[in-house]
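# Chain and residue survey
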Amino acid sequence: MGALAHYLEAAGVATTQISLIREHTEAINPPRALWVPFILGRPLGVPNDAAFQQRVLLAALRLLEAPSGPVLADYPEDAPPVSSDDEAGQACPVSFASQVAESGVRGAIAREVEALAGWYDLAVQRRGRTSVGLASVSMADAAERLVAFTESSELAAIDGLSRSETLKVLIEDLRAFYYEAASAKPGAPDAESIQRWFWFDTAGGRLMLKVEEICARHEDASLKRLAATSIVPRAVSRAVRA
Amino acid sequence: MVRLADLPEWDRKIKIEKLKELDGFDGRPWVRPPPLAECRIAVVTTAGLHRKGDRPFGQSATDYRIIPGGTRAAELVMSHQSVNFDRSGFHEDHNVVFPIDRLNELAASGAIGSVAAYHYSFMGATQIRQLEPKAVELAALLKADSVDAVLLTPI
């Protein structure tokens, strides 16, 4: 992202940026950057905390007042820890661990999607939004298409997208559905416990691992690339293989 | 996030590998913007955000999507190719990635001059020098919107 700062500034537009990986920002040395001690994916630090976000934002914008540069400042305030009593597998009010073992993936996924629908709806009502909707198909349909792909290695493209793009939007939607449903649990599970629940305790997570496996050895190079970065987080892959 | 020294060895290696393509920006461009209270500000994010119905980002995409300032949060989705970052924060509150509401509040309070009519989103997962043509194109669009300064947000 620091490259964009260089290019924009060279073209006459002043820039300031938030940095999540300090060493990368040091290397690229953009005109102005504020390094923040937050997890990847949360550059403003804390969801639903306007005051916290405002402090981070102002600190980044105030770098525009520096008389000379480059400037790389450190933001001093950590994101407060999430108070959560979650144990592994309890990030969501619905636990599926036993069901997955008892039935095939197709049945297990269909039951999960049905069981999570109410929690997902609650999350949508609370937030007034959802990030599900990249693919214009229902969640049951998205799940079925992914299950069918794991059986046949074939996938019908939707909405004029390529095969890998289709797979990507189906994956994004299904995962977002599970994550958003999990977030509806009272006590707001943190990012890590939601991730742990999805990847290790649901048939949905198991399906994604299977999709990745098939993509990794698929003859379609674009699916191979998808498997490399876009389906299973590296930390999860490593834990599963360990 | 944590420093590289705090990461597991395998993750640190991946991020150190990335360092190789980051150096070599020898130029030190420096544009002095007006005082913050007069600045018109746009957000440019590399989070792979766009509106529902916009074409999702493809692998290694270097193009951008336009996010009009009045875009409702309910319209924003993310199709970034990487799954190696937290998405639950964005699911909860778009401002944790794309702080448009906070920026509008700063404009209302007079801390900044104004908020741009258009904001832009890239997907940062690409060879960074391939971003130059689109960045140059973007600079012209930003100037046409009278933008004085850009806030870049990563993911």
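Provided above is the structure to which this section pertains.
Treat the numbers as computed from the prediction; the structure is a model and nothing was measured.

## Quick notes on the nonpolar core
By size, the foremost hydrophobic cluster in this structure holds 112 residues, and its most contacted members are A:Leu4, B:Ile41 and B:Val150. For this core, the element with the most residues is helix H7 (residues 163–183) of chain A, which contributes 11 residues. Here this core spans two domains, since at least three of its residues come from each of domain 1 (2–74) and domain 2 (97–241) of chain A. Setting aside anything within four residues of it in sequence, one finds A:Leu4 in contact with B:Val44, B:Phe122, B:Leu131, B:Ala135 and B:Leu152.

## Digging into the interface of chain B and chain A
Listed per partner, the contact involves 72 residues of chain B and 77 residues of chain A. Sorting elements by how many residues they give to the side of chain B that touches chain A places helix H4 (residues 132–144) of chain B first, with seven residues. Residues of the side of chain B that touches chain A, tallied by class, amount to 41 nonpolar, 14 polar and 17 charged. Pairing geometry for strand S1 (residues 14–19) of chain A and strand S7 (residues 149–153) of chain B, over four bridges, is parallel. Opposite A:Thr16, over in S7(B), you have B:Leu151 as the bridge partner.

## Re the packing of helix H6 (residues 139–152) of chain A against helix H9 (residues 203–216) of chain A
Residue and element names in this part refer to chain A. In contact at an axis separation of 9 Å, H6 and H9 are set at 45° when each is read in the N-to-C sense. Between H6 and H9, the interaxial angle falls into the category oblique. Of the two possible hands of crossing, H6 and H9 adopt the one that is left-handed. Judged by residue contacts, Leu146, Val147, Phe149 and Thr150 of H6 engage Leu207, Lys210, Val211 and Ile214 from H9. Looking at the contact of H6 with H9 residue by residue, the classes come out as six nonpolar, one polar and one charged.

The rules behind the values
- Residues numbered from 1 in each chain as written.
- Chains lettered and ligands numbered in written order.
- Predicted model: local features only at pLDDT ≥ 70, side-chain atom pairs only at ≥ 80, totals over all residues.
- Core = buried A, V, L, I, M, F, W, Y, C linked by C-beta atoms within 7 Å.
- Buried ≥ 20, exposed ≤ 12 C-beta atoms within 10 Å, placed from the backbone.
- Helix = DSSP H or I, 4+ residues; strand = E, 2+ residues; numbered from the N terminus.
- Domains from an automatic or database assignment.
- Contact = placed C-beta atoms within 7 Å.
- Nonpolar A, V, L, I, M, F, W, Y, C, P; charged D, E, K, R; others polar.
- Pairing = 2+ DSSP bridges.
- Axes fitted to C-alpha atoms, helices over the stretch in contact; angles between N-to-C directions.
- Parallel < 35°, antiparallel > 145°, perpendicular 65-115°, else oblique.
- Left-handed = near helix turned anticlockwise from the far one by under 90°.

As far as function goes, none of this settles anything; it's purely spatial.
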